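Structural overview
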Amino acid sequence: MSNHDDNLTELFDKKGNLIGALIPAELWTKVKPHITKLLPKSEPEERPEPMNAWVQLKQYWDFPYPIDTNVSCDICNNSTENWEIDEPRKFRLVSANLGGLVSFKCSKCQGRITKRHFKDEVKTQCTPFVEEKDNNFEAKYKYTNK
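Overview of the structure. Keep in mind that this is a model prediction, so the values were computed, not measured. (Residues numbered from 1 in each chain as written. Predicted model: local features only at pLDDT ≥ 70, side-chain atom pairs only at ≥ 80, totals over all residues. Heavy atoms only, no water.)

Before going further, it helps to spend a moment on the nonpolar core. Grouped burial of nonpolar side chains is what soluble globular proteins tend to show. If you look at the biggest cluster of nonpolar residues, it comprises 17 residues, and the most contacted ones within it are Trp54, Phe91, Leu93, Val102, Phe104 and Ile113. Every element with two or more residues in this core is listed here: α2 (51-59), β5 (91-96) and β6 (101-106). The contact partners of Phe104, leaving out residues within four places of it in the chain, are Val71, Trp83, Phe91, Arg92, Leu93, Val94, Gly111, Arg112, Ile113 and Lys115. (Core = buried A, V, L, I, M, F, W, Y, C linked by side-chain atoms within 4.5 Å. Buried < 20%, exposed > 50% of the residue type's maximum accessible area, 1.4 Å probe, protein only. Helix = DSSP H or I, 4+ residues; strand = E, 2+ residues; numbered from the N terminus. Contact = heavy atoms within 4.5 Å.)

This part takes up the pattern of salt bridges. Taken as a whole, this structure holds three salt bridges when the rule is applied. Put simply, Glu49 and Arg89 hold a salt bridge, and the shortest N to O gap is 2.7 Å. With Glu49 in the loop between α1 (25-36) and α2 and Arg89 in the loop between β4 (79-80) and β5, the pair connects residues that are 40 residues apart, well separated along the chain. What makes Glu49 buried here is its relative accessible area of 17%. What makes Arg89 partly exposed here is its relative accessible area of 25%. One salt bridge in this structure joins Glu84 and Lys58, with 3.1 Å as the shortest N-O distance. With Glu84 in the loop between β4 and β5 and Lys58 in helix α2, the pair connects residues that are 26 residues apart, well separated along the chain. By relative accessible area, Glu84 is classed as partly exposed at 24%. (Salt bridge = Lys/Arg side-chain N within 4 Å of Asp/Glu carboxyl O.)

Moving on: the sheet that holds β5. Read across the sheet, four strands follow the order β5-β6-β7-β8 without closing on themselves; strand pairing throughout is antiparallel. Edge positions in the open sheet fall to β5 and β8 (122-127), since each of these has one partner strand only. With strand direction ignored, the average angle separating the axes of adjacent strands in the sheet is 20°. Direction of pairing for β6 relative to strand β7 (residues 112-117): antiparallel, over a ladder of five bridges. Residue pairing in the sheet places Lys105 in a bridge with Arg112 of β7. Of the strands in this sheet, β5 and β6 touch α2, which is tilted by about 70° from β5. (Pairing = 2+ DSSP bridges. Axes fitted to C-alpha atoms, helices over the stretch in contact; angles between N-to-C directions.)

Here β5 pairs with β6 via five bridges, running antiparallel. Across the sheet, residue Ser95 finds its bridge partner in β6, namely Ser103. Taking the residues that link successive antiparallel strands as the turn, the β5-β6 hairpin has four residues, and the phi of Gly100 there is positive, at about 95°.

All quantities given are derived from atomic positions and should not be read as evidence of function.
Written as structure tokens, this is what we have:
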């Protein structure tokens, strides 16, 4: 009889040191609630604002209206006339591109404000921050041992 357990594959570096383990998805779904409680809770580092993308958008601006720096959140009523000069920031730039799509994160409620710049108008959409992921939308992969 073999001592090998098909439910656990240990991973070693080239010096023979144990660096991790793989378990099948079926087993993971059973142990995940117990293991996640043991993991350290760390806040993800906030990425720097993509100011280069914003500067590039302003540099190539070809819409018939001036660049708008006003941002307002319909969720918590936070607003500013010029997000670039606020100190402290009321809104953080999350993304910007040459197509005129610009997104901000509200510092008050963490909501997402998206501004879509079209040829003759700007459409703004506010989306509330979602604290928890919906498990129905998490990726699921079937483990096959071939």
